Amino acid sequence: RICEAYGVEEASAFVIPTGMFLSFSAEGKTYSRIMRIRGSSLNLERINRVNDISRRCVRQPMPCEEIMAELMQGRGEVRNYRPMTATLAGGFIAMCFTPFFGGSLSDALAAFPIGMATQFLVQKCEQLQINFIVRIISTSVILTSAALFLHQLGIIRNTDSVIIGSLMLLVPGLAITNAVRDSIG
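Report follows, based on the coordinates. For clarity, every value in this text was computed on a predicted model and none was experimentally measured. Sequence order as written defines the numbering, with residues in each chain counted from 1. Residues qualify for local features only when their pLDDT is at least 70, as the model is predicted, and side-chain atom pairs are given and counted only at 80 or more; totals for whole chains, interfaces and linings, by contrast, use all residues. Processing note: side-chain calculations cover all non-hydrogen atoms of the structure and skip hydrogens and water entirely.

**Structural notes on the environment of Gly19**
Helix numbering and strand numbering both begin at the N terminus, where a helix is a DSSP run of H or I of at least 4 residues and a strand a DSSP run of E of at least 2. Its location among the elements puts Gly19 in strand β2 (residues 19-26). When the C-alpha atoms of Gly19 and Arg38 are compared, they prove to be 8.1 Å apart, with 19 residues separating the residues in sequence. What Gly19 contacts, discounting residues up to four positions off in sequence, is Phe14, Met35, Arg36 and Ile37. Residue contacts are defined here by distance: any two heavy atoms, one from each residue, within 4.5 Å place the two residues in contact.

**Topic: unusual backbone geometry**
The backbone of Glu27 shows a phi angle near 55°, a positive value even though the residue is not glycine. Relative to the helices and strands, Glu27 is located in the loop between β2 and β3 (29-36).

**Points about the side chain of Gln119**
Residue position: Gln119 is located in helix α5 (residues 105-127). Residue burial is assigned from relative accessible area. The probe radius is 1.4 Å, only protein chains are included, and a residue is buried under 20% of its type maximum, exposed over 50%, and partly exposed in between. We classify Gln119 as buried; its relative accessible area is 18%. Filtering out sequence-adjacent residues up to four positions away, Gln119 remains in contact with Ala86, Thr87, Gly90 and Leu169.

**Observations regarding helix α7 (residues 159-167)**
Buried within α7 are the following residues: Thr159, Ser161, Val162, Ile163, Gly165 and Ser166. Structurally, α7 contributes buried residues whose contacts are with α4 (83-100), α5 and α6 (132-152).

**A closer look at the pairing of β3**
Counting buried residues in β3 gives zero out of eight residues, a small share hidden from the surface. Only strands that DSSP links by at least two bridges are regarded as paired with each other. Bridging between β2 and β3 involves eight bridges; their strand directions are antiparallel. By the bridge assignment for β3, Gly19 is matched with Arg36. Linking two consecutive strands that pair antiparallel, namely β2 and β3, is a turn of two residues; a positive phi of about 55° is found at Glu27 within it.

**Describing the packing of α6 against α7**
Throughout, an axis means a line fitted to C-alpha atoms (over the contacting stretch in the case of helices), and angles, computed between N-to-C directions, take values from 0 to 180 degrees. Two numbers describe how α6 lies on α7: the axes approach to 10 Å, and their chain directions differ by 150°. The angle between α6 and α7 falls in the class roughly antiparallel. The handedness of the crossing between α6 and α7 comes out as right-handed. For the pair formed by α6 and α7, the contact residues are Ser140, Leu143, Thr144, Ala147, Leu148 and His151 on the first element and Thr159, Val162, Ile163, Ser166 and Leu167 on the second. Here the residues of the contact of α6 with α7 sort into six nonpolar, five polar and no charged. To sort the angles, those under 35 degrees are grouped as roughly parallel, those over 145 as roughly antiparallel, those from 65 to 115 as roughly perpendicular, and the leftovers as oblique. A clockwise turn of the near helix away from the far one marks a right-handed crossing, whereas an anticlockwise turn of less than a right angle marks a left-handed crossing. Each residue gets one of three labels, nonpolar for Ala, Val, Leu, Ile, Met, Phe, Trp, Tyr, Cys and Pro, charged for Asp, Glu, Lys and Arg, and polar for the others, Gly among them.

**A word on the side chain of Thr139**
For Thr139, the position within the fold is in helix α6. Within the structure, the side chain of Thr139 is placed 2.7 Å from the backbone oxygen of Arg135, a separation counted as a polar contact. Apart from the residues within four sequence positions on either side, Thr139 is in contact with Thr118, Leu121, Val122 and Leu170. The term polar contact refers here to a pair of N or O atoms within 3.5 Å; inside protein, the definition further demands a hydrogen-donor-capable atom paired with an acceptor-capable atom, and it admits residues adjacent in sequence only when both atoms are side-chain atoms.

**Some words on the nonpolar core**
Side-chain atoms within 4.5 Å are what join buried Ala, Val, Leu, Ile, Met, Phe, Trp, Tyr and Cys residues into a set we call a nonpolar core. Residues Ile114, Leu143, Ala147, Leu150, Ile156 and Val162 are the most contacted members of the largest nonpolar core, which totals 13 residues. Put simply, the parts of the chain that give this core at least two residues each are α5, α6 and α7. In this structure Leu150 touches Ala110, Ile114, Ile155 and Ile156, once residues within four positions along its chain are discounted.

**Focus: the packing of aromatic side chains**
For any pair of aromatic rings, the description consists of the separation of the ring centres together with the inter-plane angle of the planes. When the centres of two rings from Phe, Tyr and Trp lie within 6.5 Å, Trp using its six-membered ring, the rings pair. Their planes under 30 degrees apart give stacked, over 60 give edge-to-face, and anything left gives tilted. Counted by the stated rule, this structure contains five aromatic pairs. When the ring of Phe97 is compared with that of Phe100, the centres are 6.3 Å apart and the planes differ by 80°; the resulting orientation is edge-to-face. With Phe97 and Phe100 both in helix α4, this residue pair falls three residues apart, about one helical turn. Judged by relative accessible area, which is 64%, Phe100 ranks as exposed. Ring centres of Phe97 and Phe101 lie 6.2 Å apart, and the angle between their planes is 25°; on these two criteria the pair is classed as stacked. With relative accessibility at 31%, the residue Phe101 sits in the partly exposed group.

Written out as structure tokens, the structure is:
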């Protein structure tokens, strides 16, 4: 829709977590661009701002300079959760998901520190701009090892529930939601 608003005849985009592939035709010429994405996050406030700008562009096309100025302005204004808040939320999420997958109350309580550690590791990996796949695999190995260690100590009975409950922190929920919505619509 944005491309149509700017007079582009045909446009195509392919986006994966590590890159964007764009191609469009205008005035008889075809243009292509490939961009590498080094780091990413799912900041819903930032996504909302970008969507707002794109909707306004469809209604009334804006000059590129104005669009870029608004995008850059929004970068500094978007507020992230403090690391400790996100870490505690990670523990709470793992604790809540564990009974959902068949864990007991003691399993859920044991999932809390594992979830905190998982969220802490995810934040550190994002700060260091570690590749998405490496981040998921390494964090999964560490949280699984922690759950197995607590099982060996007799603290956890249903190891699978604790591991799956903690792994839920790594599931890209927004991406899955959008994929299901796009396949339905």
